[in-house]
Amino acid sequence: MSLVLDSAAQDLLFREARTANSFTDEPVTEEQVQAIYDLVKYGPTAFNQTPLRITLVRSAEARERLVQHMAEGNQAKTAAAPLVAILSADNEFHEELPALFPAFPQAKDVFFSERAARENAAGLNAALQAAYFIVGVRAAGLAAGPMTGFDFEGVRKEFLDDDHTPLMVVNIGKPGPDAWYPRSPRLEFDQVITTV
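As a starting point, this report considers the structure included with it. None of these values were measured; they are calculated from a predicted model.

### What to know about the pattern of salt bridges
Link 1 in the chain: Counted by the stated rule, this structure contains 13 salt bridges.
Link 2 in the chain: Residues R115 and E92 are paired through a salt bridge, measuring 3.0 Å at the closest nitrogen-oxygen approach. Here R115, found in helix α7 (residues 115–139), pairs with E92, found in the loop between β2 (83–90) and α5 (97–100); they are 23 residues apart in sequence, far enough to count as distant.
Link 3 in the chain: A salt bridge links R118 to E92, with the shortest nitrogen-to-oxygen separation between them at 2.9 Å. Placement of R118 in helix α7 and of E92 in the loop between β2 and α5 is noted, with a sequence separation of 26 residues between them. Both residues of the pair, R118 and E92, count as buried.
Link 4 in the chain: Put simply, E92, R115, R118, E119 and D163 are held in one network by salt bridges that share partners.

Structure representation (structure tokens):
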């Protein structure tokens, strides 16, 4: 094997990791979420813009409000998950760039003065960070159930504001009984990789 990461870690993060559809009732602590974030915050983004924002849905009242916006097939598992996170892109991320990208603080105005440019950049880079977040959840020994089956505009109005675009809702916890669908196929190396 050509990878430096040991086989057990590879299994934990990728080969054995799955999208969970049920969870135990074991809580996900603030300390676990802090540890996940403290790891994944180092994943790269363009200009270090880090536009991902995470809204943790912990209260019963907030959970009830969120479940109403989920697609029917996602409602029960979202209601029952120990923790649910709404991942969104901050379209005003550029305000932090002078501090986050001190090598070129002018990037804020040179590249991101227009809202459309910020929305495009925020969407792409927050999606990268969402992927890091899912891997971080796995690194914590938890399972993630990311979903895009929900009313995006309803979730934005209910939990965010006009400067944030929802990307996905992620159920988080220890996997419960029958948590997994059968493993879906993946494309092989030669179906994906082209050398020029």
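Picking up where we left off.
### Some remarks on the environment of A131
Link 1 in the chain: You can see A131 is positioned in helix α7.
Link 2 in the chain: Spatially, the C-alpha atoms of A131 and D25 are 24 Å apart, while their sequence positions differ by 106 residues.

What counts, and at which threshold
- Here the residue numbers are simple positions, counted from 1 along each chain's written sequence.
- This being a predicted model, a pLDDT of at least 70 is required before a residue's local features are given, and a value of 80 or more before pairs of side-chain atoms are given or counted; all residues contribute to the totals for chains, interfaces and linings.
- No hydrogens and no water enter the side-chain calculation; it runs on all heavy atoms of the structure.
- Here a salt bridge means any side-chain nitrogen of Lys or Arg lying within 4 Å of a carboxyl oxygen belonging to Asp or Glu.
- Working definition: helices are DSSP H or I runs of at least four residues, strands are E runs of at least two. Numbering for both runs from the N terminus.
- The buried label goes to any residue with under 20% of its type's maximum accessible area, the exposed label to any with over 50%, and the partly exposed label to all in between, with areas taken from a 1.4 Å probe on protein chains only.

Remember, this is a structural readout, not a statement about activity or role.
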